[in-house]
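# Results of the structural survey
Here is what each chain is made of, one letter per residue.
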Amino acid sequence: MFKNVMVYRIGEGWNPTLEQIEQALDAERFVPCGASQEKAVGWIEPRGEAHGPLVEAVSGQRILKLKVETKSVPGSVVTRKAKERSAHIEATTGRKPGKKEMKEIKDDVKMSLMPMAFTKESSVLVWIDPATNLMVMDAGSQGKADEVVTMLVKSLAGLSVTLLNTEMSPQAAMSQWLITQEPPAGFTVDRECELKAADESKSVVRYVRHPLDTEEVKQYVEGGKLPTRLALTWDSRVSFVLTEALQLKKLAFLEVVFEATSTEKDEGFDADVAIATGELRKLLPELLDALSGEVVLG
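Note that the structure is predicted; figures quoted are calculated from it, not measured. (Residues numbered from 1 in each chain as written. Predicted model: local features only at pLDDT ≥ 70, side-chain atom pairs only at ≥ 80, totals over all residues. Heavy atoms only, no water.)

## Focus on the overall build of the chain
Of the regular secondary structure elements, the chain holds eight helices and twelve strands. For 298 residues, the compact-globule estimate of 2.2 N^0.38 gives 19 Å, and the C-alpha radius of gyration of the chain, at 24 Å, exceeds that figure by more than 25%. If one aligns the C-alpha atoms of the chain with their principal axes, the spans along those axes are about 80 × 55 × 45 Å. Within the chain, counting contacts between residues at least 6 apart in sequence, those at least 24 apart form 67% of the total. For the chain, the accessible surface area stands at approximately 16,100 Å², while carbon and sulfur atoms represent 50% of it. (Helix = DSSP H or I, 4+ residues; strand = E, 2+ residues; numbered from the N terminus. Rg over C-alpha atoms; globule rule 2.2 N^0.38 Å. Contact = heavy atoms within 4.5 Å. Areas by Shrake-Rupley, 256 points an atom, 1.4 Å probe, with all protein chains shown as cover.)

This is the structure we're talking about:
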C-alpha cells in the first residue's frame, strides 16, 4: 500500500469529522482534463470504487487519495509545426514572423494539438492519524508532496502541516551508525547505501547488495563522504531506505507481518490499510527516537 513515506505534523486545533472531510473533498473531486486542458488535480475514491467515499476510515485511520492527470505535446512537434506555419506566412506574405509572433504561433500550435495529446496519470495516497496528529503520504518526491499539501490546505479549511523535523539529522545519525557499525536498537543495517562528498567534487559512492560493516565504508564516512541513503530493517518486519531528508523509500513489509493474517480471509483494501498503518504506527516512533526525537516548536 505504501512504497514511500513522508511524514508531516498536523497543526493543533484541526479535528473535523469524517462527514466534514468528505464534504470538503467533494468540492475538489477529480475531473479529467478537458480537450485543451494541460493538467487536472483532484480527489478520488481511495478504495477505487466509483461513487464511493473520498475519505475512508479503517481502524481509526483516515485514508485519502489525490489524482493528477497531465497532457503534454512533445516540444519537438510544436517547434516543427510552428516552423511550417512560419514558413507558410513568409511564403505567402513575404514577411518573416518576429519573436513575439513566433511565441504566439507556438502557443496556438500547442493548443491545437492538445486534444490529441496522450494523458499521464498518477496518484498519491494520504494517511491521517487523528490520535497522533501525524499525516503520512506515499509521495516519491518533495515536488509531488508539495502538490498534495497544496491541495490538502486548499480543500480542508483550517489545516496546516509541517514536515517532521528531528533533533539529530538523518545524515548525522546514518554517519554515526556506519562509523560505529552499531545501528539503533530494533534496527539492522542492510546492504544498500549512497555516500556523497560534501566538497566541490560532489563525488558519489553507491553500494548495492554489498555489506556495509566494512573498514572501507567506515573510512569513506570518516573521510567526509556523507550518507544520503541507507537501507534499514525494523524489527525484522519492515525494510526501507532512509534518506537524508527523513523520507522512507522502497518500503516493504516482510513475510512475518502477514503470518498472523495469512489464515484469515480478510483481504483487500481494509486489510492492507490496517497492516500498513499498524506497522508504521510502531516503526515511526522508534525511528524518531533513534534520531533523538522530534523537534518541538514553540
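Moving on from the model shown.
## Considering the sheet that holds strand β10 (residues 225-234)
With respect to topology, five strands assemble into an open sheet ordered β9-β8-β10-β11-β12, the strand pairing being antiparallel. Every other strand in the sheet has two partners, leaving β9 (204-208) and β12 (248-253) as the edge strands with one partner each. Pairs of neighbouring strands in the sheet enclose a mean axial angle of 15°, with direction left out of account. Contacts between helix α5 (residues 170-180) and the sheet are confined to β8 (187-197), β10 and β11 (238-243), with β10 contributing the most and set at about 75° to the helix. (Pairing = 2+ DSSP bridges. Axes fitted to C-alpha atoms, helices over the stretch in contact; angles between N-to-C directions.)

## Quick word on empty space enclosed by the protein
The method is simple in principle: a probe with the dimensions of a water molecule rolls over the atoms, and the space it marks as empty is what remains. Applying the stated criterion across every chain yields a total of one cavity of 30 Å³ or more. Of the voids in this model, the largest cavity is the one considered here, and its volume is about 40 Å³. For the largest cavity, the full set of lining residues is Val 7, Leu 164, Leu 246, Leu 248, Leu 284, Leu 287 and Leu 288. Broken down by element, the lining of the largest cavity gets its largest block of residues, three residues, from helix α8 (residues 269-290). In the lining of the largest cavity, the residues fall into seven nonpolar, no polar and no charged. (1 Å grid on protein atoms, 1.4 Å probe; cavity = no way out; pocket = protein on both sides within 12 Å on 5 of 7 lines; lining within 4 Å. Points joined across faces, edges and corners; volume = space filled by probe spheres on them. Nonpolar A, V, L, I, M, F, W, Y, C, P; charged D, E, K, R; others polar.)

## Description of the pattern of salt bridges
Overall, the coordinates contain 18 salt bridges when judged by the stated rule. A salt bridge links Lys 103 to Asp 107; the nearest nitrogen and oxygen atoms lie 3.2 Å apart. Placement of the pair is Lys 103 and Asp 107 together in helix α3 (residues 99-113), with a separation of four residues, close to one helical turn. On the basis of relative accessible area, Lys 103 is assigned to the exposed category, the value being 54%. (Salt bridge = Lys/Arg side-chain N within 4 Å of Asp/Glu carboxyl O. Buried < 20%, exposed > 50% of the residue type's maximum accessible area, 1.4 Å probe, protein only.)

## Describing the layout of surface pockets
Of the voids in this model, the largest pocket is the one considered here, and its volume is about 220 Å³. Arg 9, Glu 12, Thr 162, Leu 163, Leu 164, Asn 165, Glu 294, Val 295, Val 296 and Leu 297 together form the lining of the largest pocket. For the lining of the largest pocket, the per-class residue count stands at five nonpolar, two polar and three charged.

## What about the nonpolar core?
Residues Trp 177, Phe 240, Leu 242 and Leu 251 are the most contacted members of the largest nonpolar core, which totals 44 residues. In contact with Phe 240, other than residues within four places in its own chain, are Phe 187, Leu 230, Ala 231, Leu 232, Trp 234, Leu 248, Lys 249, Lys 250, Leu 251 and Leu 283. By size, the runner-up hydrophobic cluster in this structure holds 25 residues, among which are Trp 14, Ala 145, Val 148 and Met 151. (Core = buried A, V, L, I, M, F, W, Y, C linked by side-chain atoms within 4.5 Å.)

## Structural notes on the packing of aromatic side chains
What the rule picks out here adds up to two aromatic pairs. A centroid spacing of 6.2 Å and a plane angle of 55° characterise the contact between Phe 2 and Trp 127, whose relative ring orientation is tilted. Of this pair, Phe 2 sits in the segment before β1 (6-10) while Trp 127 sits in strand β5 (residues 119-129), and the two are 125 residues apart along the sequence. A centroid spacing of 6.5 Å and a plane angle of 85° characterise the contact between Phe 187 and Phe 240, whose relative ring orientation is edge-to-face. Taken together, the positions of Phe 187 in strand β8 and Phe 240 in strand β11 put the pair 53 residues apart, joining distant regions of the chain. (Phe/Tyr/Trp six-rings, centres within 6.5 Å; stacked < 30°, edge-to-face > 60°.)

## Re the side chain of Glu 147
With respect to the helices and strands, Glu 147 occurs in helix α4 (residues 142-155). Overall, the relative accessible area of 19% leaves Glu 147 in the buried class. Within polar-contact distance, the side chain of Glu 147 engages the side chain of Lys 39 at 2.5 Å. Once residues within four sequence positions are removed from consideration, Glu 147 is found in contact with Lys 39, Val 41, Leu 66 and Val 68. (Polar contact = N/O pair within 3.5 Å; in protein donor to acceptor, adjacent residues only side chain to side chain.)

## With respect to the pairing of strand β6 (residues 134-137)
Of the two faces of β6, the one lined by Leu 134 and Val 136 and the one lined by Met 135 and Met 137 are each fully buried. Strand direction decides the pairing type here: β1 and β6, joined by four bridges, are antiparallel. Of the residues in β6, the one forming a bridge with Tyr 8 is Met 135. With four bridges connecting them, β5 and β6 associate as antiparallel partners. Residue pairing across strands places Asp 129 opposite Leu 134, the latter belonging to β6. Remark: four residues form the turn of the hairpin made by β5 and β6, two consecutive strands paired antiparallel; Asn 133 in that turn has positive phi of roughly 60°.

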